[in-house]
Amino acid sequence: MKMKETISKYQIVYEEMKKEIVSGRMARGEKMPSELQLMEQYGFSRQTIRKALEELAKDGYVHKVQGSGSFVKSSRIGEKNSKTIMFIALFAQHYFFSQYIAGVESVLKENDYALNITFSDNRPEDEARCLEDAIEKGYAGILLVPARSACIYANLYLYKKIRQLRIPCITLGGQLPYSGFPCVIMDDYEGGKMAAKYLIAKGHSRIASIMNRTECSGCMRYAGYQSALMEAGIKEEPGWAQWYEYETFQDFLENEELIGSCLSKVTAVFCFNDEMALGIIELLKKQGIRVPEDMSVMGYDDSYMCMFGEKKLTSIRQEPVEQGERAAMNLLQLIKNPNSGADAFFEPSLVERETVRDLQKSY
């Protein structure tokens, strides 16, 4: 009996608030009365008011902003801008994300969808702002390159909210396993394993790794590297693994004592991406260390940067344009059929060039 009475009360609040929103008497984007104000207005408990607001959010009439309250949605489910996708990338200037975008744009253009691109600068707080904007403005779907993807919990409440509102969302570049979002990513574990196995096959048994600690892809590449060493019976020694962040990239390269201490113990180094590999090659050159005669260096991405310099960089190849295309196609499929599958895992491949020395030829 008490359960029926509670349901009746929250439905009264729900129906009256819904009528105010649908009629336009509460404008889109307008802040809803607080829980306390609604409690005083209706004379109901906080639990009853909260239940009514939760149902309004679930049905797409309002959305909650953590720490700010509830707001009337600018566009409700079924009324959203059904032909625009939001793409949230990390950086505007990074070579990799421009290729993602090229692939996404080509597919969306063919299907008469528009693309709005925004950037989080790899900051979870800015990613939250972008996601809240996507929810507020009613985009048809979201493509997300997660900020600091190795630390996924920062915006988990927003990921859950996007799922609750049934907004199609796919991640690229990093998997968010507790979000429920499908992903289109490279198999970075296999990529890291492939890189280390290649160096081992060339006769190297002392191999350093320099990885990005905030990226899920960096963690997985390192795990693959470790696996290859273990399979070969090589024990990773202290100091072989070095970690940096996007924001500390230049500071890391300028710490010549740290890098020198690491590289003096090894004959090869596997880098998180081509940008870091080229930075290491330049640093070694300043110290009079030749690549690959004295030190083998391997990158990841097989970007245009591999062709810079006197020696062409050996690298693990990704397919960012193709990943962007697949992500866009899968997102459009999700928009049409929310229950369809959308994951896609790309296999890495090795591109051999001139920065890895074959030690086996020397013995």
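What this report covers is the structure whose coordinates are included nearby. As the structure is a computational prediction, the values presented were derived from the model and not from experiment.

On to the overall build of the protein. Each helix and strand counted, the protein has 12 helices and 14 strands in total. In the protein, which comprises 363 residues, the share counted as buried stands at 52%. Counted over contacts in the protein with a minimum sequence separation of 6, partners at least 24 positions apart contribute 74%. Within the protein, one finds 45 positive and 50 negative side-chain charges whose respective centroids are separated by 6 Å.

Further remarks concern the packing of aromatic side chains. By convention here, two paired aromatic rings are described through the distance between centres and the angle between planes. Under the criterion given, the structure shown has 14 aromatic pairs. When the ring of Tyr42 is compared with that of Phe44, the centres are 6.0 Å apart and the planes differ by 20°; the resulting orientation is stacked. The interplanar angle of 70° and the centroid separation of 5.0 Å between the aromatic rings of Tyr222 and Trp243 together place this pair among those described as edge-to-face. Of this pair, Tyr222 sits in helix α8 (residues 216-231) while Trp243 sits in strand β9 (residues 241-244); the two residues are 21 residues apart in sequence, bridging distant segments of the chain. Here Tyr222 falls in the buried class, since its relative accessible area comes to 14%. Under the relative-accessibility criterion, Trp243 is labelled partly exposed at 24%.

What follows deals with the nonpolar core. Core analysis: the largest hydrophobic core is formed by 77 residues, its most contacted members being Leu143, Leu263, Met276, Ile280 and Val297. Among the elements that line this core, the one with the most residues is helix α4 (residues 95-110), at eight residues. Beyond its immediate chain neighbours, meaning those up to four positions away, Ile280 contacts Ile210, Leu253, Ile259, Leu263, Val269 and Cys271. If you look at the next biggest cluster of nonpolar residues, it comprises 20 residues, including Leu131, Ala134, Ile162 and Phe181.

Our focus in this paragraph is the state of the cysteines. In this structure the tally under the stated criterion is zero disulfides. Of all cysteine sulfurs in the structure, the one in Cys169 sits closest to Cys130, which takes part in no disulfide; the separation is 12 Å. Since its relative accessible area comes to 1%, Cys130 is described here as buried. Note on Cys151: no disulfide assigned, nearest cysteine sulfur contributed by Cys219 at a separation of 7.9 Å.

If you trace the backbone, Cys219 turns up in helix α8. C-alpha of Cys219 to C-alpha of Asp188: the two residues are 31 residues apart in sequence and 8.6 Å apart in space.

Overall, the coordinates contain 19 salt bridges when judged by the stated rule. When the shortest N-O distance is used, the salt bridge between Asp302 and Arg353 registers 2.8 Å. Placement of Asp302 in the loop between β11 (296-301) and β12 (314-317) and of Arg353 in the segment after β14 (349-351) is noted, with a sequence separation of 51 residues between them. Owing to a relative accessible area of 26%, Arg353 belongs among the partly exposed residues under this scheme. Ionic pairing is found between Glu319 and Arg317, a salt bridge with its closest N-O pair at 3.0 Å. Here the salt bridges do not stand alone but share partners, grouping Arg148, Arg213, Glu245 and Glu247 into one network.

What counts and what doesn't
- Residues numbered from 1 in each chain as written.
- Predicted model: local features only at pLDDT ≥ 70, side-chain atom pairs only at ≥ 80, totals over all residues.
- Heavy atoms only, no water.
- Helix = DSSP H or I, 4+ residues; strand = E, 2+ residues; numbered from the N terminus.
- Buried < 20%, exposed > 50% of the residue type's maximum accessible area, 1.4 Å probe, protein only.
- Contact = heavy atoms within 4.5 Å.
- Lys, Arg positive; Asp, Glu negative; His and termini not counted.
- Charge placed at Lys NZ, Arg CZ, Asp CG, Glu CD.
- Phe/Tyr/Trp six-rings, centres within 6.5 Å; stacked < 30°, edge-to-face > 60°.
- Core = buried A, V, L, I, M, F, W, Y, C linked by side-chain atoms within 4.5 Å.
- Disulfide = S-S within 2.5 Å.
- Salt bridge = Lys/Arg side-chain N within 4 Å of Asp/Glu carboxyl O.

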